[in-house]
Amino acid sequence: MTELKFVFGDPEVCTGCMVCVNVCSMRYSKVIGPSWSRVRAVRIEPGLDFPLFCRNCEDAPCMAACPNEAISRTSKGVVIVNNKKCTGSGECVKACPYYAIRLHPDTEKAIKCIQCGACVDRCPVNAIWITTENELNEKDADGRLSSLYEKHETELYNKEEI
Amino acid sequence: MKGIGGNNLWIDLTKGEIEKRPVEEEMVNEYLLGAGYLSRVLYDNIPVGIDPLSPKNVLGIATGLLTGSMFPQASRHVVAALSPLTDVWGESHAAGFWGPELKFAGYDAIIFTGASSDPVYLYIQNDTVELLDASDIWGTSVFETDDWIREKHSKRARVLSIGQAGENKVRFAAVMNDRDRASARSGLGAVMGSKGLKAISVRGTGKLEVADPKDYLNQMDIFYERMLANPFTKERAKYGTTNLVELMNHIGRLPSYNMRQGVFEGFEKISGHTITEKHLVKPRSDWSCLQRCGRYTRVKEGPYKYIGGSPEFESQSSLGSRCGNDNLESVLFSHHLANMYGMDTISLGATISWAMEAWDEGLLTSEDTDGIDLAWGNHETVVKLTEMIALREGFGDILAEGSVRAAERIGRGTEKFVMTVKKQEIAGQEPRAQKSMGLAAVTAARGADHLYAFPVLDEAGFDKEIKERFGEQYLPEMADRLNPKYKGIMVKECEDFMVMVESVGLCKYGTQIPPEFYYDDVAQALRIHNGLDLTSEELQTIGERIVNLNRLFNVARGVTRSDDQLPDRLTKEGAPKGPSPGQVVELDQMLDEYYEQRGWNLENGFPTMDTLKRLGLEKEGKAVIK
Ligand code: SF4
């Protein structure tokens, strides 16, 4: 199996500027508004800013949860939503442990990060990058990043409206 | 119009009534939004002769046309009212996320009239707008208020509030947002406190539609690239504004020992390099900010332990060199406390340093100060007084009035050491080492101020930009910070541009320093974001109109040329030390040039009827200038 890619960010480097969030909503929905973006940026004091993306899980619970088989994985390993099949049931939103798939406020169909890299290119501080599970484990050998994410998971993934 | 919230909120706090009014587009064409919008609304609604802390004052908070856009640094909002510190035009600005959030909730500005008899906070969640009981948070700090509101309503709420200083009507209390962002100057936190308004909680889940969605990202990419390629951006990201301490000390422009001199022997200890090395956690950005001058810092242990957002050059200078204080941890901690209580660090440090000079001169003794030792550099005193001023305890109660009123109260010749213009304390620019800053301090509508004009083009070798913005004929004099020549021309131009920038919600970083974006860039952004077709010339005229209306606001309240003055120390006593010894501010010469350039009367400093006519302010002028 090809190694699954996802975008990941360092909350101690991210400054919370929202550029990634805005680039995403403008690119895909032609508006500015965090609820229209597939990226979220969550500030947690003291001093942390988490840029949050789809983690491209191997067992992708969103895929399994969809009652309409609207979510599938491409040959390149990207999990995508078929707009024709999506009825906006919201089952995927409930299933995702990362609150990384949500319903578009206008179309009410599911939207999620597809690792296009538009935000990665524009992040002014290189706080985000495209990676894989193995690569990330290597980079984060001391567990600094994973422990920051774990420590704050309740607040990061609470499914309150964005 | 595209790219804005679309509605303004008018809140009558006396009656508890809330009204939504659509943004008046005709007014946008004449005043834009933000500072310009408030200049007009408050001009029309604040009666002459009222007490700024009475219910008759009107408090406005407005975002700019580009606030919440993708333009670099488009994060800002403006707060304005009649100032309880200066008794004239009061205005202050901050970055953050609160302004964009207000837009996403569907609003561009909020105007508060009257006063509530019981403490309230305004709760906004998209269409839901309510005044709620604030008795549980009255008496708490800015941080506690932020925590309480976000715990109660939503972790994602953005909060603007006052701390104890605003409640206690400290005359230089700030309006705070997003915990550590401050609309600090002019004492507007006291106005909010006088109205019984503790906070505004905003949650907006809407969107901004833009005028040119197709080309928007391409255009923004060009602005991003220019901003990131500018060498200042890298420097800003690394030091924020903190390394201005060393740069300003080098040119003798770092106010020290009140404002006796512009160099400080302990500068290295409070410098940007030291902060970056020992205390920086990370740089922080506000909405769409590529400059990231915001600092997040900590002191790990000891009496001054904290973690939070701070500092900024102004605080290092006011709480540090100005008080002769080279204890960096105390400077950082005192700034942290000022954020927590909600106070302007400039007036805070300047007022303490006034008292320290009076003490040094033997005019204040421990009988006046409840036994507190006010010797230069006593860092414990700086920290203690920060708290006592916010809570109006003991001697702090006198200092909470600001240095002018405190000196009136004490008397004994202590007025001589008050470093203010129109009762507001002069910021961290020793003007004998940069003449334009001396002029800017006296012409600013809100009293002593470096930001109304922010004339920095003579500060750091911007000859190219001077040539582009003014013309080659003004070089080399205009670029020479010690030469008073052409500074009237420069300050006038900078004021027009800066008030325009504050009316669109952009930052002075990126527009003035570095001078990367100018009128044509703003015009372009207004086109693609708002669909507004305004030329550079029209934008400049709007800036001029706002400055003139601010002036009329002040003229109506008795301001004349005789109020556009600096303390004698700066115009008569030569700088005693440093690289510019013997320099004074040649104020009269610069002021003549400035008035002439503005089309104002040289004798009294009033706008002439010709000028007002050209700007469409004839009616207002006739009512004020008899
Ligand atoms: S663009 Fe980069 S710095 Fe800005 S919020 Fe996104 S990840 Fe953080």
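A quick note: this is a predicted structure, and the numbers were derived from the prediction, not measured. (Residues numbered from 1 in each chain as written. Chains lettered and ligands numbered in written order. Predicted model: local features only at pLDDT ≥ 70, side-chain atom pairs only at ≥ 80, totals over all residues. Heavy atoms only, no water.)

Some details on the overall build of chain A
- The secondary structure content of chain A amounts to seven helices and nine strands.
- What you see for chain A is a C-alpha radius of gyration of 15 Å, in line with the 15 Å of a compact globule of 162 residues.
- Across its three principal axes, chain A shows a C-alpha extent of roughly 40 × 35 × 30 Å.
- Burial statistics for chain A: of 162 residues in total, 55% are counted as buried.
- The long-range fraction of contacts in chain A, counting pairs at least 24 apart against all pairs at least 6 apart in sequence, stands at 63%.
- Total accessible area on chain A stands at roughly 7,400 Å², and carbon and sulfur atoms take up 49% of it. (Helix = DSSP H or I, 4+ residues; strand = E, 2+ residues; numbered from the N terminus. Rg over C-alpha atoms; globule rule 2.2 N^0.38 Å. Buried < 20%, exposed > 50% of the residue type's maximum accessible area, 1.4 Å probe, protein only. Contact = heavy atoms within 4.5 Å. Areas by Shrake-Rupley, 256 points an atom, 1.4 Å probe, with all protein chains shown as cover.)

What to know about a negative patch on the surface
Residue and element names in this part refer to chain A.
- A surface patch of negative charge is lined by Glu3, Glu58, Asp59, Glu133, Glu135 and Glu138.
- Looking at the secondary structure, you find Glu3 in the segment before strand S1 (5-9).
- Taking the relative accessible area as the measure of exposure, Glu3 reaches 39% and is therefore partly exposed. (Patch = residues over 30% accessible without salt bridge, like charges linked within 9 Å, V, L, I, M, F, W, Y side chains within 5 Å. Salt bridge = Lys/Arg side-chain N within 4 Å of Asp/Glu carboxyl O. Lys, Arg positive; Asp, Glu negative; His and termini not counted. Charge placed at Lys NZ, Arg CZ, Asp CG, Glu CD.)

Side note on the site of the ligand
- All residues in the neighbourhood of the ligand are listed as Cys14(A), Thr15(A), Gly16(A), Cys17(A), Met18(A), Val19(A), Cys20(A), Pro51(A), Cys123(A), Pro124(A), Val125(A) and Ile128(A).
- Looking at the shell around the ligand, its residues break down into ten nonpolar, two polar and no charged. (Near = heavy atom within 4 Å. Nonpolar A, V, L, I, M, F, W, Y, C, P; charged D, E, K, R; others polar.)

Comments concerning the domain arrangement of chain B
Residue and element names in this part refer to chain B.
- Segmentation of chain B into domains returns domain 1 (7-203), domain 2 (241-418) and domain 3 (435-624).
- With 18 residues of domain 2 at the contact, the number on the domain 3 side is 16 residues.
- For the domain 2 and domain 3 pair, buried surface summed over both sides reaches about 1,300 Å², with 57% attributable to carbon and sulfur atoms.
- If you sort the residues of domain 2 by the area they bury against domain 3, Ile251, Met259 and Gln291 come out on top, with a joint share of 34%.
- For the interface between domain 2 and domain 3, the tally reads two salt bridges. (Domains from an automatic or database assignment. Buried area = accessible area lost by both parts, 1.4 Å probe.)

With respect to the environment of Phe606(B)
All names here are of chain B.
- Looking at where Phe606 falls in the secondary structure, it is placed in the loop between helix H23 (587-598) and helix H24 (609-614).
- When the C-alpha atoms of Phe606 and Arg551 are compared, they prove to be 7.8 Å apart, with 55 residues separating the residues in sequence.
- The contact partners of Phe606, leaving out residues within four places of it in the chain, are Val555, Val559, Thr560, Trp600, Asn601 and Ile625.

Points about a nonpolar patch on the surface
All names here are of chain A.
- Together, Tyr28, Ile80 and Ile114 make up a nonpolar patch on the protein surface, roughly 200 Å² of accessible area in all.
- Tracing the chain through its elements places Ile80 in strand S6 (residues 79-81).
- Ile80 sits in the partly exposed class, given a relative accessible area of 32%.

Focus: the environment of Gly96(B)
Residue and element names in this part refer to chain B.
- With respect to the secondary-structure elements, Gly96 resides in the loop between strand S5 (89-94) and helix H3 (98-105).
- Residues Gly96 and Asn57, 39 residues apart in the sequence, show an inter-C-alpha distance of 26 Å.
- The residues touching Gly96, leaving out its near neighbours within four places in the chain, are Ser75, Asn177, Asp178, Arg181, Asp286 and Trp287.

Looking at the sheet that holds strand S15 (residues 294-299) of chain B
All names here are of chain B.
- Taken in spatial order, the three strands make up an open sheet running S14-S15-S16, and their pairing is antiparallel. The open sheet has two edge strands with one neighbour each: strand S14 (280-284) and strand S16 (306-309). Going across the sheet, the axis of each strand differs from the next one's by a mean of 10 degrees, ignoring polarity.
- Pairing between S15 and S16: four bridges, direction antiparallel. Bridged to Thr297 within S16 is Gly308.
- Contacts between helix H8 (residues 231-239) and the sheet are confined to S14 and S15, with S15 contributing the most and set at about 25 degrees to the helix.
- Each of S15 and S16 is contacted by helix H12 (residues 328-341), which is oriented at about 65 degrees to S16, the strand it contacts most. (Pairing = 2+ DSSP bridges. Axes fitted to C-alpha atoms, helices over the stretch in contact; angles between N-to-C directions.)

Here we look at helix H14 (residues 379-390) of chain B
Residue and element names in this part refer to chain B.
- Compared with the 16 Å implied by 1.5 Å per residue over twelve residues, the 17 Å span of H14 between its first and last C-alpha is a close match.
- Turning to H14, its buried residues number three or more, namely Thr381, Val382, Val383, Leu385, Thr386, Met388, Ile389 and Ala390.
- The distance from a side-chain oxygen at the start of H14 to the backbone nitrogen of Glu380 is 3.2 Å, and the residue carrying that oxygen is Asn378.
- A positive backbone phi angle near 50 degrees is found at Arg392, which sits one or two residues after H14. (Expected span 1.5 Å × (residues − 1). Polar contact = N/O pair within 3.5 Å; in protein donor to acceptor, adjacent residues only side chain to side chain.)

Brief notes about the packing of helix H13 (residues 345-360) of chain B against H14(B)
All names here are of chain B.
- For the pair H13 and H14, interaxial distance at closest approach is 11 Å and the crossing angle is 120 degrees. By crossing handedness, the relation of H13 to H14 is classed as right-handed. On the side of H13, the interface is formed by Leu348, Ile352 and Met356, while H14 contributes Thr381, Val382, Leu385, Thr386 and Ile389.
- Each residue belonging to the contact of H13 with H14 can be placed in one class, and the counts come to six nonpolar, two polar and no charged. (Left-handed = near helix turned anticlockwise from the far one by under 90°.)

Brief notes about the pairing of strand S2 (residues 17-22) of chain B
- Where strand S1 (residues 7-12) of chain B lies against S2(B), six bridges are found, and the strand directions are antiparallel. What sits directly across from Asn8(B), in S2(B), is Arg21(B).

Describing the sheet that holds strand S11 (residues 181-183) of chain B
All names here are of chain B.
- Pairing in this open sheet of six strands is mixed, and the strands run S8-S7-S12-S9-S10-S11 from one edge to the other. Both edges of this open sheet fall to strand S8 (128-133) and S11, since each of them pairs with a single strand only. Averaged over all pairs of adjacent strands, the angle between strand axes in this sheet comes to 20 degrees, irrespective of strand direction.
- Pairing of strand S7 (residues 120-125) with S8, which is carried by six bridges, proceeds in the antiparallel orientation. When the bridges of S8 are listed, Gln125 appears paired with Thr128.
- On top of the sheet, H3 reaches S7, strand S9 (158-161), strand S10 (175-177) and strand S12 (197-203); it is set at about 60 degrees to S12, its chief contact.

What about the pattern of salt bridges?
- For the structure on display, the rule yields 61 salt bridges over all chains.
- Between Asp221(B) and Arg122(A) there is a salt bridge, and its shortest N-O distance comes to 2.6 Å. With Asp221(B) in helix H7 (residues 216-229) and Arg122(A) in helix H4 (residues 118-122), the pair connects residues from two separate chains.
- Among the residues examined, Arg122(A) registers a relative accessible area of 17% and is labelled buried.
- In this structure, the salt-bridge partner of Glu357(B) is Arg260(B), at a minimum N-O distance of 2.8 Å. Here Glu357(B), found in helix H13, pairs with Arg260(B), found in the loop between helix H9 (244-250) and helix H10 (272-278); they are 97 residues apart in sequence, far enough to count as distant.
- Overall, Glu357(B) belongs to the buried group, its relative accessible area being 0%.
- On the basis of relative accessibility, which here comes to 23%, the residue Arg260(B) falls in the partly exposed class.
- Salt bridges sharing common partners tie together Arg260(B), Glu357(B), Asp360(B), Glu361(B), Arg569(B) and Glu573(B).

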